[in-house]
Amino acid sequence: MRDMTPGSDLSGPQTADEFQSDPYAPEVGELPEQSAQDSEKVNKTGTTTIGISTSDGVVIATDMRASLGGRFVSNKNVQKVEQIHPTAALTLVGSVGGAQSFIRTLRAEVNLYEARRGEDISMKALSTLAGNFARGGPFFAINPILGGVDDDGHHVYSIDPAGGVMKDDYTVTGSGLTVAYGTLEDRYEEDMTNEEAKEVAAASINAAAERDTGSGNGIYLADVTAEGVDINGYDFDELL
């Protein structure tokens, strides 16, 4: 702080130290650091989410549970997959608020992209856009799956918190991924139909829910084809 006592010199310019006492304080566009206690109060999806590319299109599956700090179930019917394009869907993984904000921002940018160019966005461009937002935006730690269909085919991408984008025939993210991957890789076959992939995804989510405290309470399935996106919720016993 500048010395404001009587007799002090007020004629000279302020120094950097006088102008800002803490150069590391949050600035416009930044978020203050969260304490461990704050983090425990944030609703998180915990989650097991799966994306599978099929001969028909793409199947995306998620469980329904949200938790506080991974220890208390705060909601048993969370829809963790959302349509973000006429032929694409994205999962919510990480903090609920961050994931919801990420989806709203991505939808807006897709609409802007298509309005400016007068054409549908490709899944490659959409995945790049999602990766850029994950890396540069204030969305906390998110690790979504993007699945979509365009003129070039059927696509599944995982997007890591640092903005990395990886394409694969199938992928799993979330706290239950280690268990889900075992079931998925055992049952996955090339050129499955969407109906076959739904059964495989449901079995994989169910296996994760048996061991992962952040996953459970049912399953949402997104059926993505060239005709559109259809999202429905189920109990595990309806599918297995």
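Anything mentioned here points back to the structure above.
Right, let's walk through the structure included here. This is a predicted model, so every value here is computed, not measured.

1. Observations regarding the packing of aromatic side chains
Under the counting rule described, the total for this entry stands at 1 aromatic pair. Ring geometry for Tyr170 and Tyr188: centres 4.5 Å apart, planes at 45°, overall tilted. One end of the pair, Tyr170, is in strand β11 (residues 170–174); the other, Tyr188, is in the loop between α5 (177–187) and α6 (194–211), and 18 residues separate them in sequence.

2. As for the pairing of strand β12 (residues 219–225)
Among the 7 residues of β12, 7 are classified as buried, and the element is accordingly described as predominantly covered. Alternating residues of β12 divide into Ile219, Leu221, Asp223 and Thr225 and Tyr220, Ala222 and Val224, and every residue in both groups is buried. Both strand β3 (residues 58–63) and β12 contribute to a ladder of 6 bridges, which runs antiparallel. Considered in β12, the bridge of Val59 is made with Asp223. Where β12 meets strand β13 (residues 228–234), 7 bridges bridge the pair, whose relative direction is antiparallel. Residue pairing across strands places Asp223 opposite Asp230, the latter belonging to β13. A loop of 2 residues connects β12 with β13, the two strands running antiparallel in sequence.

3. Concerning the sheet that holds β3
Taken together, the 5 strands give an open sheet; going across it, the order is β11-β2-β3-β12-β13, and neighbouring strands pair in antiparallel fashion. Looking along the sheet, the strands with just one partner apiece sit at the ends: β11 and β13. On average, each strand axis in the sheet is tilted by 15° relative to the strand beside it, whichever way the strands run. Sheet analysis places strand β2 (residues 48–53) next to β3, joined by 5 bridges and oriented antiparallel. Residue pairing across strands places Ser53 opposite Val58, the latter belonging to β3. Helix-sheet contacts for α5 involve β2 and β11, and the interaxial angle to β11 is about 160°. Running over the sheet, α6 touches β2, β3 and β12 and is turned about 155° from β12.

4. A few points about the sheet that holds strand β9 (residues 153–159)
One open sheet accounts for 5 strands, arranged β6-β7-β8-β9-β10; its pairing is antiparallel. Unpaired on one side and paired on the other, β6 (81–85) and β10 (165–167) mark the two borders of the sheet. If you compare each strand with its neighbour and ignore which way they point, the axes differ by 25° on average.

5. As for the pairing of strand β8 (residues 145–150)
In terms of residue burial, β8 counts as a mostly covered element, since 6 of its 6 residues are buried. Where burial is concerned, the two faces of β8 agree: the one with Ile145, Gly147 and Val149 and the one with Leu146, Gly148 and Asp150 are both buried. Of the strand pairs in this sheet, strand β7 (residues 88–91) and β8 are connected by 3 bridges, and their pairing is antiparallel. Counterpart to Ala89 in the pairing with β8 is Gly147. Of the strand pairs in this sheet, β8 and β9 are connected by 6 bridges, and their pairing is antiparallel. Note that in β9 the partner of Val149 across the bridge is His154.

Cut-offs and rules
Residues numbered from 1 in each chain as written. Predicted model: local features only at pLDDT ≥ 70, side-chain atom pairs only at ≥ 80, totals over all residues. Heavy atoms only, no water. Phe/Tyr/Trp six-rings, centres within 6.5 Å; stacked < 30°, edge-to-face > 60°. Helix = DSSP H or I, 4+ residues; strand = E, 2+ residues; numbered from the N terminus. Buried < 20%, exposed > 50% of the residue type's maximum accessible area, 1.4 Å probe, protein only. Pairing = 2+ DSSP bridges. Axes fitted to C-alpha atoms, helices over the stretch in contact; angles between N-to-C directions. Contact = heavy atoms within 4.5 Å.

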